[in-house]
Amino acid sequence: MIEALSYPFFQNALLAGLLASVATGVIGSFVVVKRISSLSGGLSHAAFGGVGLGYLIGISPMLGALGFGLLAALIISAVYLHRQGSLDSLISMVWSVGMALGVVFIAMTPGYVPDLSSYLFGNILFVPRQFLLYALLVDLLVCLCVFLLFNRLELVCFDEEFANVVGVRAGLIFTALLLLIALVVVTLIRVVGVILTIALLTTPAVIARQWSDDLGRMMALAVGISGFCVVGGLFLSYWLAAAHAWNIPTGPLIILIATLVFGVSAIVHKRCHTS
Amino acid sequence: MHQPNPIETTQLSVVLRNQPVLTDVSLTVKEGDFIGIIGPNGAGKSVLLKTILGLIPPTSGQVRVFGLPPAAARGLVGYVPQFANFDVQFPITVERVVLAACLARGRASKWQFRYSAHDRDVARQSLARVGMLDFAERQIGKLSGGQVQRVLIARALTIQPRLLLLDEPTASLDTPIGGTIYELLKELSPTMSIVLISHDIGVLSRHVKTIACLNIRLHYHHSKELTTEMVETAYGCPVDLIAHGHAHRVLENHGEGE
């Protein structure tokens, strides 16, 4: 197992996974406490439209995903803030329109048809080097914003009405949060793919919530748990391939490990609090 | 130039979902006033407070808070909602709930990212005033409904507002605690103007300086005396207002037993 660490591609994947975990734990905690996981799912599926557009017009699919993700974040926050129509149905629309556009754009792309499953389920074992730079930048931006805005983000997530009463610009803070979520979601498309993004964003934070009554501590814990699941998934998929010649994608394994950790944590937590 | 009044509404009307909720409400609250507003369910009491806070826009008429539009007066006004409209599962301690009031406009500098030692002092003093200091480290969901209500009052006090609006602040408190909250408000009333909504006419009348009746329209004579006529117009039917051994007489003599 340890010999895996000597392969550059594995080192890359490990580093990418750990970098992604930092932003995931921090932002995932906000997603969980503000109860906007379906909204985050909408953003990741919207980003898939950008992947397709990237192929069609010949730019980097990840750049397209970033553009679509940020645009969807702005649309959703505008509707959320003006309470026009139902947010729930808007999210479903953004969610499926993103997927539809992605498929249409890719079908229109002449010549080589790329393998979609690496975007749908992630492909962390073969991340390009520049992805590490992107993940690092996202981490720095997320940590800086959350460090500076922590009290305001906490208040807006906790009690938006009171934030407005005291003159904190709740709308602006919420929009900033959605943009950060979009950034993180695009990182996660590389790690676990469009479809599994919500699970990696929320499961570690939900586990962390069981063990902390404080948002700051919850974030730190979520970063650790997310890192554990990603590393665990990487080693598991390496081991399955090396020992059994089973080629199982890493993304789904990461999610299954996270779910297992959640189950164990829930049982232990219940034991601790009933005895 | 004289100081602008804390609240000045002129012919304020609010229509929500095609239903008139407030009609032609002209209310003046002066510096140092302590007003209780009573009225039946659906009389628009909460909507009136939310309009003054700028959370609900008026359909017609005007609201001025310290001479400013409500959105510009934020940071001067404290608010205690009727219900905690947040998720009690949120991972936040009582102390941090109250500290959030330190983000109020005019109190916090835009570039202050951490709560200061002074902020903590103010928050802890407010918690002490409502008797909740011992619970400062508790997660907000691990309190009873009445305790949450007291935390909400402490949070509003931490703004150090010049005007305090309270929506049924004692609805979920038992009588002795409710009593201390009224004592606290009385103690605060020289330093800030207070508007209090309640359906409990008896308790209200013992503590506030003046009483208004609201039922879509406002009936207010800047006095503490409630005429049976005021109450009956507000409630739309004769109301049994026999005082149960209260120290003050709230009602005018209405010829009972003649």
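Above this text is the structure in question.
> Tell me about the overall build of chain A, and name the residues and values.
Assigned secondary structure in chain A consists of eleven helices and zero strands. For chain A, the N- to C-terminal ordering of α and β elements is α-α-α-α-α-α-α-α-α-α-α. A compact globule built from 275 residues would reach a C-alpha radius of gyration of about 19 Å, and chain A, at 19 Å, matches this within 12%. Taken along its principal axes, the extent of the C-alpha atoms in chain A is 60 × 55 × 30 Å. In chain A, which comprises 275 residues, the proportion classed as buried is 55%. For chain A, the share of sequence-separated contacts (at least 6 apart) that also reach a separation of at least 24 residues comes to 78%.

> Lay out the side chain of B:Ser189 in plain terms, naming residues and giving numbers.
Take B:Ser189: it is sitting in the loop between helix H5 (175–188) and strand E7 (193–197). Residue B:Ser189 is classed as buried on the basis of its relative accessible area of 4%.

> Give a description of the pattern of salt bridges that names residues and reports values.
Taken as a whole and judged by the stated rule, the model has twelve salt bridges over all chains. Here A:Asp213 and A:Arg209 are joined by a salt bridge, their closest N and O atoms 3.1 Å apart. Look at A:Asp213 and you get partly exposed, because its relative accessible area is 26%. The salt bridge involving B:Arg162 is made with B:Glu31; its shortest N-O contact spans 4.0 Å. Here B:Glu31 lies in the loop between strand E2 (19–29) and strand E3 (34–38) and B:Arg162 lies in the loop between helix H4 (145–158) and strand E6 (163–167), a separation of 131 residues in the sequence. Several salt bridges converge on common partners, so that one network encompasses B:Glu95, B:Arg120, B:Arg124 and B:Glu137.

> Describe the pairing of E7(B), naming the residues involved and giving the relevant values.
Residues and elements named next belong to chain B. Taken across its five residues, E7 has five buried, putting it largely inside the fold. Of the two faces of E7, the one lined by Ser-193, Val-195 and Ile-197 and the one lined by Ile-194 and Leu-196 are each fully buried. In the sheet, E3 pairs with E7 via four bridges, with the strands oriented parallel. The residue bridging Gly-36 from the neighbouring strand is Leu-196, located in E7. Relative to E7, E6 runs parallel, the two being bridged by five bridges.

> Account for helix H2 (residues 37–57) of chain A, naming residues and giving values.
The periodicity of an α-helix, 3.6 residues per turn, causes residues three or four positions apart to be oriented the same way. All names here are of chain A. Helix length check: H2, at 21 residues, gives a terminal C-alpha distance of 31 Å against a target of 30 Å (1.5 Å per residue), a fit within 8%. Counting buried positions over the 21 residues of H2 gives 15, a clear majority of the element. Note on H2: the residue one or two positions beyond its end, Gly-58, has a positive phi of about 75°.

> Break down the nonpolar core for me, with residues and values.
The biggest cluster of nonpolar side chains holds 140 residues, and the ones touching the most others in it are A:Ile181 and B:Leu185. With 15 residues, helix H8 (residues 170–191) of chain A is the largest single contributor of residues to this core. In contact with A:Ile181, other than residues within four places in its own chain, are A:Ile27, A:Val31, A:Ile36, A:Ser40, A:Leu43 and A:Leu201. Ranked by size, the runner-up nonpolar core spans 31 residues in total, among them B:Leu12, B:Leu27, B:Ile52 and B:Val77.

Rules and cut-offs
- Residues numbered from 1 in each chain as written.
- Chains lettered and ligands numbered in written order.
- Predicted model: local features only at pLDDT ≥ 70, side-chain atom pairs only at ≥ 80, totals over all residues.
- Heavy atoms only, no water.
- Helix = DSSP H or I, 4+ residues; strand = E, 2+ residues; numbered from the N terminus.
- Rg over C-alpha atoms; globule rule 2.2 N^0.38 Å.
- Buried < 20%, exposed > 50% of the residue type's maximum accessible area, 1.4 Å probe, protein only.
- Contact = heavy atoms within 4.5 Å.
- Salt bridge = Lys/Arg side-chain N within 4 Å of Asp/Glu carboxyl O.
- Pairing = 2+ DSSP bridges.
- Expected span 1.5 Å × (residues − 1).
- Core = buried A, V, L, I, M, F, W, Y, C linked by side-chain atoms within 4.5 Å.

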